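Breakdown of the fold
Given next are the chains, with one letter for each unit.
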Amino acid sequence: MPTDDLRETFHVTTDEQLRAVSNLTRHRIMAVLRFEPATITQIAERIGLAKGSSSYHVRLLERAGLVKVVRTRKVRGVTERYYAMAARSIVLPDPGEGGPDVLMRHAVADLEESPAGERHVRMAHLRLTEERFAELGARLNALADEYRELSDPSLPDVSLVFALFRPASRERAEGDAK
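Attention in this report is confined to the structure presented alongside it. (Residues numbered from 1 in each chain as written. Predicted model: local features only at pLDDT ≥ 70, side-chain atom pairs only at ≥ 80, totals over all residues. Heavy atoms only, no water.)

**Points about the packing of helix H3 (residues 40–47) against helix H4 (residues 51–63)**
Note the cut-off: Working convention: axes come from line fits to C-alpha atoms, limited for helices to the stretch in contact. Angles between N-to-C directions cover 0 to 180 degrees. Think of it this way: any DSSP run of H or I at least four residues long counts as a helix, any run of E at least two long counts as a strand, and we number them from the N terminus. Put simply, angles under 35 degrees are roughly parallel, angles over 145 are roughly antiparallel, angles from 65 to 115 are roughly perpendicular, and the rest are oblique. Helix crossings get a hand from a simple test, with the near helix turned counterclockwise from the far one by less than a right angle marking a left-handed crossing and a clockwise turn marking a right-handed one. Throughout, a contact is declared for two residues whenever any of their heavy atoms are within 4.5 Å.
Axis separation between H3 and H4 bottoms out at 9 Å; the angle between their running directions is 110°. One finds that H3 runs roughly perpendicular with respect to H4. The two elements H3 and H4 meet at a crossing, and its hand is right-handed. Along its contact with H3, which presents Ile40, Thr41, Ile43 and Ala44, the element H4 presents Lys51, Ser54, Ser55 and Val58.

Structural data, given as structure tokens:
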């Protein structure tokens, strides 16, 4: 599928869109559609879901504007639809203080199901100036963009997730626990 007409970003702004991306099954469907279009049957096979369930979830994603039909073809009198992402990337709203971070929850769920020998996980606690904090964020984004450009759709999926943040202060965290 040519991606020339694909929007660069899709900003999730409505409750319907947020509900659509908040579901782990729909997150996995969008991962299937990340690099190439697929039919309901192909999606169902790739994520191990019944075709009816796959169809239901794709319809919700389509209604929310996150995926779209990019091609159709007739197969034995039935119209087969190929779905693709509506944009190269999806931007979720900031969850706000204390709100659920949908992206990180999905990433952890995917990580927990990944084969043990096929993952690199590291957590580092740093102390950085505001400038270094901003610089590191920019470098991480640039690195992710560089490798996204190098992605080959014929190869197996690899996920990269990073979070650079300032943790809640110890005083506030202790106050919330009371």
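We are not done yet, so read on.
**Section: the packing of helix H2 (residues 24–32) against helix H5 (residues 102–113)**
For the record, the criterion: Just so you know the grouping, Ala, Val, Leu, Ile, Met, Phe, Trp, Tyr, Cys and Pro go in nonpolar, Asp, Glu, Lys and Arg go in charged, and all remaining residues, Gly too, go in polar.
Two numbers describe how H2 lies on H5: the axes approach to 10 Å, and their chain directions differ by 75°. One element, H2, and the other, H5, form an angle in the roughly perpendicular class. Residues Leu24, His27 and Arg28 of H2 lie in contact with H5, whose contacting residues are His106, Ala109, Asp110 and Glu113. In terms of residue class, the contact of H2 with H5 is made up of two nonpolar, two polar and three charged.

**With respect to a nonpolar patch on the surface**
Our working definition: Each patch is assembled from residues with relative accessible area greater than 30% and no salt bridge, linking like charges that lie within 9 Å and nonpolar side chains (Val, Leu, Ile, Met, Phe, Trp, Tyr) that lie within 5 Å. For the area figures, the Shrake-Rupley method with a 1.4 Å probe applies, and any residue is considered shielded solely by the protein chains shown. Within this document, salt bridges are pairs made up of a side-chain nitrogen of Lys or Arg and a carboxyl oxygen of Asp or Glu, the two lying within 4 Å of each other.
Residues Leu143, Tyr147 and Leu150 make up a contiguous nonpolar surface patch of about 330 Å² in total accessible area. With respect to the element layout, tyrosine 147 can be found in helix H6 (residues 130–149).

**Focus on the side chain of serine 89**
Defined as follows: The classification of residues rests on relative accessible area computed with a 1.4 Å probe and restricted to protein chains. Under 20% of the type maximum is buried, over 50% is exposed, and intermediate values are partly exposed.
Following the sequence through the fold, serine 89 ends up in strand E4 (residues 87–91). When its relative accessible area of 18% is taken as the criterion, serine 89 is described as buried. Ignoring anything within four residues of it in the chain, the contact list for serine 89 reads Glu8, Thr9, Phe10 and Arg148.

Note that all results are geometric; they support no functional claim without further evidence.
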